[in-house]
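# Coordinates in review
Listed here are the chains, written in short residue letters.
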2 protein chains.
Amino acid sequence: MTNQDNDQTGRVDAQVFSGVCMMADAAARAQRALEQANTEAKNELLLAIADALDARADDIAAANAQDMQEAFESGMDEGKLDRLRFDVDRVAASAQGVRHVATLPDPVGQVVRGYNLPNGLRLNQVRVPIGVIGMIYEARPNVTVDVASLCLKSGNAAILRGGHAAERTNAATLRIIRDAIASHGFDQTLVNTVDDYGRQGATAMMEARGHIDVLIPRGGAGLIQAVVRNSKVPVIETGAGNVHIYVDRSGDLNKAIPIILNAKTQRVGVCNAAEKLLVHRDVAEAFLPLAAQALAEANVVLRADERAYGIIDAANIDGIDLEQADEQDWDTEYLALKMGVKVVDSLDEAIGHINMHSTGHTESIIAEDYSAIERFTRLVDSAVVMVNASTRFTDGGVFGFGAELGISTQKMHARGPMGLQEMTTTKWIGYGTGQVRQ
Amino acid sequence: MTNQDNDQTGRVDAQVFSGVCMMADAAARAQRALEQANTEAKNELLLAIADALDARADDIAAANAQDMQEAFESGMDEGKLDRLRFDVDRVAASAQGVRHVATLPDPVGQVVRGYNLPNGLRLNQVRVPIGVIGMIYEARPNVTVDVASLCLKSGNAAILRGGHAAERTNAATLRIIRDAIASHGFDQTLVNTVDDYGRQGATAMMEARGHIDVLIPRGGAGLIQAVVRNSKVPVIETGAGNVHIYVDRSGDLNKAIPIILNAKTQRVGVCNAAEKLLVHRDVAEAFLPLAAQALAEANVVLRADERAYGIIDAANIDGIDLEQADEQDWDTEYLALKMGVKVVDSLDEAIGHINMHSTGHTESIIAEDYSAIERFTRLVDSAVVMVNASTRFTDGGVFGFGAELGISTQKMHARGPMGLQEMTTTKWIGYGTGQVRQ
């Protein structure tokens, strides 16, 4: 899906809107039955979905081949084509992912707080599913499987709008998932798609307040901002990561280089990859030539501010691609082998720069000084703050959630990686014996 | 403030918008300093505010007398006039409330989850303030004090829009609060008001996404819906309570009558007061005449469906005010000495009726049957479900939160009474020793 697909600010067609609302209401009714299912029943459903995906992987791969062909002919770039591919091997990997979700602890029913009031009323705050979760995402067919399995495991229904380019693949995948749901005695409207409505489907989802409980956009910054700005349904903002690493004057440079290399190059184009390197002036002369050399060897283009440029340029590093940064750089998520480099006069300048320019995803400090670390972790206003560790660890799988629906960069409801627990809300239950209020 | 005051769907004036954004940005900068203050410092600030309110209560009362006079002359009804009153006694009560907030546990810094990853990275998920909280509320000056104290204690800044009718009172109150903040070394922009911008101020707050972190409307259904529908800032929906009590066929009728009376009449016009009574048909004949008599003695008008009407009417209760309900009744929050009464054929009909018509605030079941209670508490989709207890217990004070900012009826972020903890988000901090991702 290109951003334009969902960037609909115009009015939604009344018939599409009513169709999407009815779909969401049917999903809500089906969800009430799923909510009552115990964990065993939900796990069996997931295993059945995984088996069905394996058994009918050829159907999905055939549909995907058609999507791939059309996307190729329309000139889709290689990176997007790769994300669109859902061949038999990738379907098998997705099926394994579903089996893994089946092994995760079920958050539903967990007692978050529980205590007796002075009058004897026994209060429990219990985790319950949110209800109907809407997901608008780009053309990555594996997301269809991930979202379906996470929603079902956490007792939620899902209304999906995948990217236009993956419509055949998603339809084939959903057919299999829905067949498995129905043959397990649940209502197949638990997982549904608005793809038949095309672009208008996404617009209708954003309008469907009171029908869809929460909307999660997943994809590029353009898609996410379009949903955030236009949705009447509560949104969880995900994703964009203008991620910083700050090397303090107390930093251990032997830790710094491997962490920076890992954060920048271990995987490019992901939201937890580092985009900016801030270095304290006291260690800039000693550290920047080493860092620049390591990054140059990994083919990272450096976009440096004046001071950093001077120091790196003077080091005459072989094969380096060094450019002067402009003001735009500090707000740019490159998603490429490119890194902004800046020398700062103090810890507080680094913190100020980060809080001004970061998207609030992940930042890391390389430091040994206790007070600097305490100050950085307290003052930096991001979902995740790492100390002497790679920013690439911000991930639901790494955090032990087993799987993730995305990484929230907002402060409401969930912040950081969103796993099964973040797909729940709570309900208070008060067990009384006739108490009345005085 | 009438609902119309904030029911602005038109464009906001550019100058007002930029003024409100600058105000919020100043509040955000001040908030970063407050966030670093320890609990002792915040408590001292609260105690100073309480003392200042006591010392200058006459100023507030004088301003309030002017507001009261103007409101009276413009024909404000008695209930609203009473809520607008902020005389010396009420200011003293508010000051005591601030002192109580000072005694409450500080949620900031609480570790929600903490564990080591297999690679040794030590992960802590820690509560932190949300940032800048916007509050749009009706003409109840005590809310100004409540919100300021709760926001400051939880490390947040507050941007307020109180009702037009209370503008002089709120200005006098805020002057005192802000003086106390400044004389305690904090920035007085921590608590600010858009009242100078009049109605446009509220509209600008709703547009100020990225400047205000969360917007909480508090007041009547019209105000809340206007904010929910028009805000680009994430909103926490509060308040409206179409609250049900269901008397199961297994219900102990000796518990039922006091609970119903308490829930309906202990305080009228509050969101946790019961509005509807559903009675299982098997106990309707025995129970409804008793309940109707008790309610009639308390001057409650009964709006009954056909079966309930027949049973109650046949009982010839002295002085009863019995009317036939129409379909609108089931969706109406009376906020008055009035109650809808309906006979249902089954537990599941009661649950279905509630999930169809409730605002999701609080419901109560009167029952002794274990399975009926389990089914009701699991299937009813409301923030709070009571068993054999009055619905009036849904309250932050009663729940032990000490004070509340409102009662959330939505599923995102917070559900039920919102205390200090609900005014926080979390931040993940990963303490490493050089870890990189494989």
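Residues numbered from 1 in each chain as written. Chains lettered and ligands numbered in written order. Predicted model: local features only at pLDDT ≥ 70, side-chain atom pairs only at ≥ 80, totals over all residues. Heavy atoms only, no water.

The name that an unreviewed UniProt entry assigns to chain A is Gamma-glutamyl phosphate reductase, with the source organism given as Bifidobacterium boum. Taken directly from UniProt, the Sequence similarities (unreviewed entry) text for chain A runs: "Belongs to the gamma-glutamyl phosphate reductase family." (UniProt positions renumbered as here; feature names shortened; annotations may be inferred.)

## Describing the pattern of salt bridges
Here the structure, examined in full by the defined rule, presents 52 salt bridges over all chains. Ionic pairing is found between B:Asp54 and B:Arg99, a salt bridge with its closest N-O pair at 2.8 Å. Taken together, the residues B:Asp54 in helix α3 (residues 39–55) and B:Arg99 in helix α6 (residues 88–103) connect sequence positions 45 residues apart. Between B:Asp329 and B:Arg303 there is a salt bridge; the shortest N-O distance is 2.8 Å. Of this pair, B:Asp329 sits in the loop between β10 (322–324) and β11 (338–344) while B:Arg303 sits in strand β9 (residues 301–304), placing them 26 residues apart in sequence. We classify B:Arg303 as buried; its relative accessible area is 15%. Beyond isolated ion pairs, a larger network of salt bridges with shared partners links A:Arg249, A:Arg281, A:Asp282, A:Arg307 and A:Asp345. (Salt bridge = Lys/Arg side-chain N within 4 Å of Asp/Glu carboxyl O. Helix = DSSP H or I, 4+ residues; strand = E, 2+ residues; numbered from the N terminus. Buried < 20%, exposed > 50% of the residue type's maximum accessible area, 1.4 Å probe, protein only.)

## Quick notes on the pairing of strand β4 (residues 157–161) of chain A
Residues and elements named next belong to chain A. Counting buried positions along β4 gives five out of five residues, so the element sits mostly inside the fold. Where burial is concerned, the two faces of β4 agree: the one with Ala-157, Ile-159 and Arg-161 and the one with Ala-158 and Leu-160 are both buried. Two strands pair when backbone bridges link them, and strand β3 (residues 132–137) and β4 are joined in this way by five bridges, in the parallel orientation. Residue Ile-133 lies in a different strand from β4, and its bridge partner there is Ala-158. In this fold, the crossover linking β3 to β4 by way of helix α7 (residues 141–153) has right-handed handedness. You can see the chain leave β4, run along helix α8 (residues 167–183) and come back into strand β5 (residues 191–193), and the turn it takes is right-handed. (Pairing = 2+ DSSP bridges. Right-handed = clockwise from strand over helix to strand, strands pointing away.)

## Some details on the packing of aromatic side chains
Counted under the stated rule, the structure contains ten aromatic pairs over all chains. Taken together, a centroid distance of 6.0 Å and an interplanar angle of 15° make the contact between A:Tyr246 and A:Phe376 stacked. Residue A:Tyr246 is located in strand β7 (residues 243–247), and its partner A:Phe376 is located in helix α15 (residues 370–379); the two are separated by 130 residues in the primary sequence. Among the residues examined, A:Tyr246 registers a relative accessible area of 0% and is labelled buried. Here A:Trp428 and B:Phe401 contribute two aromatic rings whose centre-to-centre distance is 5.9 Å and whose plane-to-plane angle is 55°, an arrangement assigned as tilted. Taken together, the residues span two chains, with A:Trp428 in strand β16 (residues 424–435) and B:Phe401 in the loop between β13 (384–389) and β14 (406–408). Like B:Phe401, A:Trp428 is buried. Every member of this aromatic cluster is reached through a ring pair, and the members are A:Tyr115, A:Trp428, B:Phe399 and B:Phe401. The cationic tip of B:Lys276 hangs over the ring face of B:Tyr334; the distance from NZ or CZ to the ring centre is 4.5 Å. (Phe/Tyr/Trp six-rings, centres within 6.5 Å; stacked < 30°, edge-to-face > 60°. Lys NZ or Arg CZ within 6 Å of the ring centre and 35° of its normal.)

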